[in-house]
Amino acid sequence: MTSRIAAVAIDAIDPHLVVEFWCAVLDWKVVEEDAGIISIAPKDGAWPTIDIVPVPESKTLKNRLHLDLRADGVTTERELERLISLGASRVDVGQGQDVSWVVLGDPEGNEFCLLSRSVQDL
């Protein structure tokens, strides 16, 4: 293998708000803050990280890259409830009614999906 993913970047007007959301969702922690960019990672220091990058403009279009999440240790329905309670919201990106996943947005509207089967269902 010649390359590995080191980080996934998420743009944000309010990086601290987005960091707080993703740390709560993933049970991760802040591992570095430099020049306004905040990096979060699993508590065991595993890779990749997520870098939250400050930008001056709001999100205007559908993401071309997004994260897919699976519930782990709970049902998908309970995980959906938890994500919404943390600040996620349902997003319509034209996915239709018959899809098996739920499209959500973080507090700034960056899309991600919650897949229908939990880790335990796989």
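Conventions used here
Residues numbered from 1 in each chain as written. Predicted model: local features only at pLDDT ≥ 70, side-chain atom pairs only at ≥ 80, totals over all residues. Heavy atoms only, no water. Helix = DSSP H or I, 4+ residues; strand = E, 2+ residues; numbered from the N terminus. Buried < 20%, exposed > 50% of the residue type's maximum accessible area, 1.4 Å probe, protein only. Polar contact = N/O pair within 3.5 Å; in protein donor to acceptor, adjacent residues only side chain to side chain. Contact = heavy atoms within 4.5 Å. Pairing = 2+ DSSP bridges. Core = buried A, V, L, I, M, F, W, Y, C linked by side-chain atoms within 4.5 Å. Expected span 1.5 Å × (residues − 1).

Q: How do you make sense of the side chain of S39 when you look at a structure like this?
A: You can see S39 is positioned in strand 3 (residues 37-42). We classify S39 as buried; its relative accessible area is 10%. Looking at S39, its side chain comes within polar contact range of the side chain of D51, at 2.7 Å. Those residues in contact with S39 that sit more than four places away from it in its chain are K29, V30, V31, E32, I50 and D51.

Q: How do you make sense of the pairing of strand 4 (residues 49-54) when you look at a structure like this?
A: Regular strands show a simple pattern: their side chains alternate between the two faces of the sheet. Here strand 1 (residues 7-12) runs beside strand 4; their pairing, made up of 6 bridges, is parallel. Across the sheet, residue A12 finds its bridge partner in strand 4, namely P54. Hairpin geometry of strand 3 and strand 4 is characterised by an intervening segment of 6 residues between the two adjacent antiparallel strands and by a positive phi of about 80° at G45.

Q: How should I be thinking about the nonpolar core in this particular structure?
A: Where a protein is soluble and globular, its nonpolar side chains tend to be buried together. With 21 residues, the main nonpolar core has W22, I40, I52, L83, L104 and F112 as its most contacted residues. Elements with a contribution of two residues or more to this core: strand 1, helix 1 (15-26), strand 3, strand 4, helix 2 (76-85), strand 7 (102-105) and strand 8 (111-114). In terms of residues, this core owes the most to one element, helix 1, which gives 6 residues. Apart from residues lying up to four places away in sequence, I40 is in contact with V19, W22, C23, W28, K29, V30, V31, T49 and I50.

Q: Got a minute to help me understand helix 1 in this structure?
A: Residues spaced three or four apart along an α-helix face the same direction, because each turn holds 3.6 residues. An ideal rise of 1.5 Å per residue puts 16 Å on 12 residues; helix 1 measures up with 16 Å between its terminal C-alpha atoms. Among all positions in helix 1, only P15, V18, V19, F21, W22, C23 and V25 are buried. In the segment just after helix 1, D27 is the residue with positive phi, at about 60°.

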